[in-house]
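Spelled out from the first residue to the last, the chains are:
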Amino acid sequence: MASTLISVSLLILRFAGCWIQAVSRSDGEPASGPDYNVAQDPLQMEKDLREKQLFQESLNEVWLKDNSKRCPSCGTHIQKIMGCNKMTCFSCQTHFCWICLKVLNRTDPYSHFRESNPCNGQLNADIQ
Ligand SMILES: [Zn+2]
Ligand SMILES: [Zn+2]
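These lines cover the structure that appears in this document, whether it is placed above or below.

## Description of the overall build of the chain
Scanning the chain from terminus to terminus reveals two helices and four strands. Beginning at the N terminus, the succession of helices and strands in the chain can be written as α-α-β-β-β-β. In the chain, buried positions account for 18% of the 128 residues. Put simply, of all contacts in the chain between residues at least 6 apart along the chain, 28% involve residues at least 24 apart. If you sum the accessible surface of the chain, you get close to 10000 Å²; carbon and sulfur atoms cover 61% of it.

## A few points about the coordination of the zinc ion (ligand 2)
For the zinc ion (ligand 2), the protein coordination sphere consists of Cys97 (SG), Cys100 (SG), His112 (NE2) and Cys119 (SG), at 2.0 to 2.3 Å. Angles of 105 to 112° at the metal separate the four donor atoms of the zinc ion (ligand 2), which places the site in the tetrahedral class. If you list the donors of the zinc ion (ligand 2) from N- to C-terminus, the spacing comes out as C-x2-C-x11-H-x6-C. With respect to class, His112 is no different from Cys119; both count as buried.

## Topic: unusual backbone geometry
Look at Gln93: it is not a glycine, yet its phi comes out positive at around 65°. Summarising the element assignment, Gln93 is placed in the loop between β3 (86–88) and β4 (95–97). One non-glycine residue with positive phi stands out, namely Leu101, at about 60°. With respect to the helices, strands and loops of the structure, Leu101 is situated in the segment after β4.

## Here's the deal with the coordination of the zinc ion (ligand 1)
Around the zinc ion (ligand 1), the protein contributes the donor atoms Cys71 (SG), Cys74 (SG), Cys89 (SG) and Cys92 (SG), which lie 2.3 Å from the metal centre. In this structure, the zinc ion (ligand 1) is coordinated by four donor atoms arranged in tetrahedral fashion, with angles at the metal of 107 to 111°. Overall, the relative accessible area of 4% leaves Cys71 in the buried class. Judged by relative accessible area, Cys92 falls into the partly exposed class, the value being 25%.

## Some points on the side chain of Asn85
As for its placement among the helices and strands, Asn85 is situated in the loop between β2 (77–79) and β3. Judged by relative accessible area, Asn85 falls into the buried class, the value being 0%. Reaching out from Asn85, the side chain makes a polar contact with the backbone oxygen of Ala125 at a distance of 2.9 Å. Look past the residues within four positions of Asn85 in its chain and what remains in contact with it is Lys80, Phe96, Cys97, Trp98, Ile99, Phe113, Gln122, Leu123, Asn124, Ala125 and Ile127.

## Description of the pattern of salt bridges
Summed over the entire model, instances satisfying the criterion amount to three salt bridges. Notably, a salt bridge pairs Arg50 with Glu46, separated by 3.6 Å at the nearest N-O pair. One end of the pair is Arg50 and the other is Glu46, both in helix α2 (residues 32–67) and four residues apart, which spans about a single turn. With relative accessibility at 47%, the residue Glu46 sits in the partly exposed group. Across the pair Asp108 and Arg114 runs a salt bridge whose closest N-O atoms are separated by 2.7 Å. What makes Asp108 partly exposed here is its relative accessible area of 28%.

Procedures and definitions
- Residues numbered from 1 in each chain as written.
- Chains lettered and ligands numbered in written order.
- Predicted model: local features only at pLDDT ≥ 70, side-chain atom pairs only at ≥ 80, totals over all residues.
- Heavy atoms only, no water.
- Helix = DSSP H or I, 4+ residues; strand = E, 2+ residues; numbered from the N terminus.
- Buried < 20%, exposed > 50% of the residue type's maximum accessible area, 1.4 Å probe, protein only.
- Contact = heavy atoms within 4.5 Å.
- Areas by Shrake-Rupley, 256 points an atom, 1.4 Å probe, with all protein chains shown as cover.
- Donors = N, O, S within 2.8 Å, 3.2 Å for Na, K, Ca; no water.
- Tetrahedral: all angles 85-135°; square planar, octahedral: opposite > 155°, others 65-115°.
- Polar contact = N/O pair within 3.5 Å; in protein donor to acceptor, adjacent residues only side chain to side chain.
- Salt bridge = Lys/Arg side-chain N within 4 Å of Asp/Glu carboxyl O.

Laid out in structure tokens, this is it:
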């Protein structure tokens, strides 16, 4: 019984101590709050800038990935600047479809865009 009483009163003392500390801290240093926020801002700006740069870099990667494909025959990187989706590899002269990267019939490469496949009618579709 006695030990319980002692520990309860110790607990009250501890709480009282915390309460006094909390009051004196918030009363004694009113400027600590705003100063802390100001100090955080440049760091936050730097972080935002880094995130923006990372985002930009990932966009560039996506752009390269989307604008450069490999020839299905020889693996040369091909970039489509403009024109239709019937591509001719400048390295091995293979005709291929920019959309599905299928090697196309040399005598009639355009037939690919008339056959029943997902690329039907997509010859002049603006696909990067
Ligand atoms: Zn090629
Ligand atoms: Zn195709």
